[in-house]
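Tertiary structure, described
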Amino acid sequence: MNAPAHDTVSSTGAAVLARARLGHLAARRSHRRFLTTARLGIVVVALIGWELASGTLIRPFYISSPSAVAQTLAELAWSGELWYHAQFTVTAAFVGYLLGAVAGVGVAWPLGMVRLAYRIVEPYFLVAYSVPAVAMGPVFILWFGIGMTPKILIAAYFVFFIVFINTVAGFQQVPQGLLDVTRVMGASSRDQFRKVMLPSATPFILAALRITLPAAMIGAVTGEFISSNRGLGYLTREAASVFSTAGVIAGVLSLSAIVLLMNLMLRPLRNALRWQHAIDVPPLAGGR
């Protein structure tokens, strides 16, 4: 007699849960549509206001106009000049990003594991970090010329210190007491790194990798601004030299679009940041 009633309650609960889940998904879709509409609305209003203000409230020489910028972008894209220069900027930024990120994690790894070693060398890293990255541009160009190498190194310089500092902070925020407990329980240094230190530092590393992507682009463009004969930075500088406001804005918008696309490629990192890795304490030595 009780079995049918129990089945009825179970089916009713499952139906309520399914309806609640569908309602939640519908609310999320509605919220996303609202955000997309609001964002597009802001862009449309800004473009219309810009177009109306150009030539009426402000001289076009200073702000150009959306129609003039769009025409310039179309001309650059149709002639192939935009794609030609973009490939060098993207290459320098991407390679510099990878180089700076790998170097930052690679240097921070041993120093974060040995706190005394980091305390010894910390003042030297602080002094190096205090040097403006832009000031290193002429130095790299003096050493390596005006090719791709100095642009890559400037981009890597922008990335390195942010990744390094975040990685060290991630390693050092692990309580020393937790490390002592895992050591008493029989964990080796490898176990401590793999199951305690690395999970704790992962959110810091992923956050640094996300925020340094625009920094890599800034580094590459900085090198092109200082001395270069190709790249979007060079293209923008050339437009400024002939007082082409539309060309300057077109170059800036192209750089922004590239950074946006690269951020979309790193979208999985955003999801990874939501993941909270539970620290897996190694088993007792006798239980192995």
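Residue numbers here run from 1 along each chain, matching the order of that chain's written sequence. Per-residue local features of the predicted model are confined to residues with pLDDT of at least 70, and side-chain atom pairs are confined, for both listing and counting, to 80 or more; whole-chain, interface and lining totals are unaffected and use all residues. Hydrogens and waters are ignored; side-chain quantities use all the structure's heavy atoms.

1. Concerning the packing of helix α9 (residues 189–226) against helix α10 (residues 232–241)
Running from N to C, α9 and α10 point in directions that differ by 45°, and their axes come no closer than 7 Å. As far as their axial angle goes, α10 and α9 are oblique. Judged by the twist between their axes, the crossing of α9 over α10 is right-handed. Here α9 contributes V221, E224, F225 and I226 to the contact with α10, which in turn contributes L232, G233, Y234, T236 and R237. In the scheme used here, Gly and all other residues not listed as nonpolar or charged are polar, with Ala, Val, Leu, Ile, Met, Phe, Trp, Tyr, Cys and Pro taken as nonpolar and Asp, Glu, Lys and Arg as charged. Each residue belonging to the contact of α9 with α10 can be placed in one class, and the counts come to five nonpolar, two polar and two charged. Axis lines are fitted through C-alpha atoms, for helices just across the contact stretch, and the angle between N-to-C directions can take any value from 0 to 180 degrees. Counting from the N terminus, the helices are DSSP H or I runs at least four residues long and the strands are E runs at least two residues long. An angle below 35 degrees is read as roughly parallel, one above 145 as roughly antiparallel, one from 65 to 115 as roughly perpendicular, and any other as oblique. Each crossing is labelled by how the near helix is turned from the far one, with a counterclockwise turn of less than a right angle marking it left-handed and a clockwise turn marking it right-handed. Contacts were defined at the residue level, with two residues in contact if any of their heavy atoms lie within 4.5 Å.

2. A few points about the nonpolar core
For our purposes a nonpolar core is just a set of buried Ala, Val, Leu, Ile, Met, Phe, Trp, Tyr and Cys residues, chained together by side-chain atoms within 4.5 Å. When a residue's accessible area, from a 1.4 Å probe over protein chains only, is under 20% of the maximum for its type it is buried; when over 50% it is exposed; and in between it is partly exposed. Counting residues in each nonpolar core, the largest one holds 30 residues, and the members touching the most others are Y97, V159, L209, M217, L232 and I258. Mapped onto this core, the elements with two or more residues apiece are α4 (81–113), α7 (148–172), α9, α10 and α11 (245–265). No other element matches α9, which puts twelve residues into this core. Each residue touching V159, except ones within four places of it in the same chain, is listed here: Y97, G100, A101, T212 and A216. Grouped together as the second largest cluster of nonpolar side chains are 14 residues, L111, Y157, F158 and V168 included.

3. Focus on the packing of aromatic side chains
In this analysis, rings of Phe, Tyr and Trp, with Trp reduced to its six-membered ring, are considered paired at centre separations within 6.5 Å, and the interplanar angle assigns stacked below 30 degrees, edge-to-face beyond 60, and tilted for intermediate values. Counted according to the given criterion, the structure contains twelve aromatic pairs. Ring centres of Y118 and F164 lie 6.2 Å apart, and the angle between their planes is 50°; this geometry places the pair in the tilted category. Of this pair, Y118 sits in helix α5 (residues 115–130) while F164 sits in helix α7, placing them 46 residues apart in sequence. Among the residues examined, F164 registers a relative accessible area of 1% and is labelled buried. With a centroid separation of 4.4 Å and 20° between ring planes, the pair formed by F125 and F164 is classed as stacked. Taken together, the residues F125 in helix α5 and F164 in helix α7 connect sequence positions 39 residues apart.

4. Considerations on the environment of I249
Summarising the element assignment, I249 is placed in helix α11. With 183 residues separating them in the primary sequence, I249 and P66 have C-alpha atoms 9.5 Å apart. Leave out the neighbours within four places in its chain, and I249 touches W50, I63, S64 and V69.

5. Here's the deal with the confidence of the model for the protein
A low pLDDT score tells you not to read the predicted coordinates there in detail. The pLDDT value tells you how sure the predictor is about a given residue, anywhere from 0 up to 100. With 85% of its residues at a pLDDT of 70 or more, the protein has an overall mean of 81. Confidence, expressed as mean pLDDT per element, reaches its minimum in the protein at helix α12 (residues 267–273) with 61 and its maximum at helix α3 (residues 66–79) with 92. Scored below 50 in pLDDT, residues 276–288 shows 21 contacts in the model against residues more than four places distant or in partner chains.

6. Section: the packing of helix α6 (residues 136–144) against α7
Look at α6 against α7: their axes get within 9 Å of each other, and the N-to-C directions meet at 145°. The element α6 and its partner α7 pack so that their crossing is right-handed. In this structure, α6 uses M136, G137, F140, I141 and F144 to contact α7, whose residues at the interface are T149, P150, L153, I154 and Y157.

7. Quick notes on a positive patch on the surface
On the surface, a cluster of positive charge is made up of R28, R29, R32 and R33. Looking at where R32 falls in the secondary structure, it is placed in helix α1 (residues 2–53). Patch criteria: residues need more than 30% relative accessible area and no salt bridge. Like-charged residues are merged within 9 Å; nonpolar side chains of Val, Leu, Ile, Met, Phe, Trp and Tyr are merged within 5 Å. Note on areas: these come from Shrake-Rupley sampling with a 1.4 Å probe, and a residue is covered only by the protein chains present in the view. Counted as salt bridges are all cases of a side-chain nitrogen of Lys or Arg within 4 Å of a carboxyl oxygen of Asp or Glu. When charges are counted, Lys and Arg are positive and Asp and Glu negative, with His and the chain ends excluded. Throughout, a charge is located at the NZ atom of Lys, the CZ atom of Arg, the CG atom of Asp or the CD atom of Glu.

8. Overview of α11
The span one expects for a helix is its residue count, reduced by one, times 1.5 Å. Taking 1.5 Å as the rise per residue, α11 with 21 residues should run 30 Å; its terminal C-alpha atoms sit 31 Å apart, in good agreement. Looking only at α11, the buried set comprises T245, A246, G247, A250, G251, S254, L255, I258, V259 and M262.

9. Some details on unusual backbone geometry
Phi is positive for S64, close to 55°, though the residue is something other than glycine. When you line up the elements, S64 lands in the loop between α2 (60–63) and α3. At F243, a residue that is not glycine, the phi angle is positive and equals roughly 60°. Structurally, F243 can be placed in the loop between α10 and α11.

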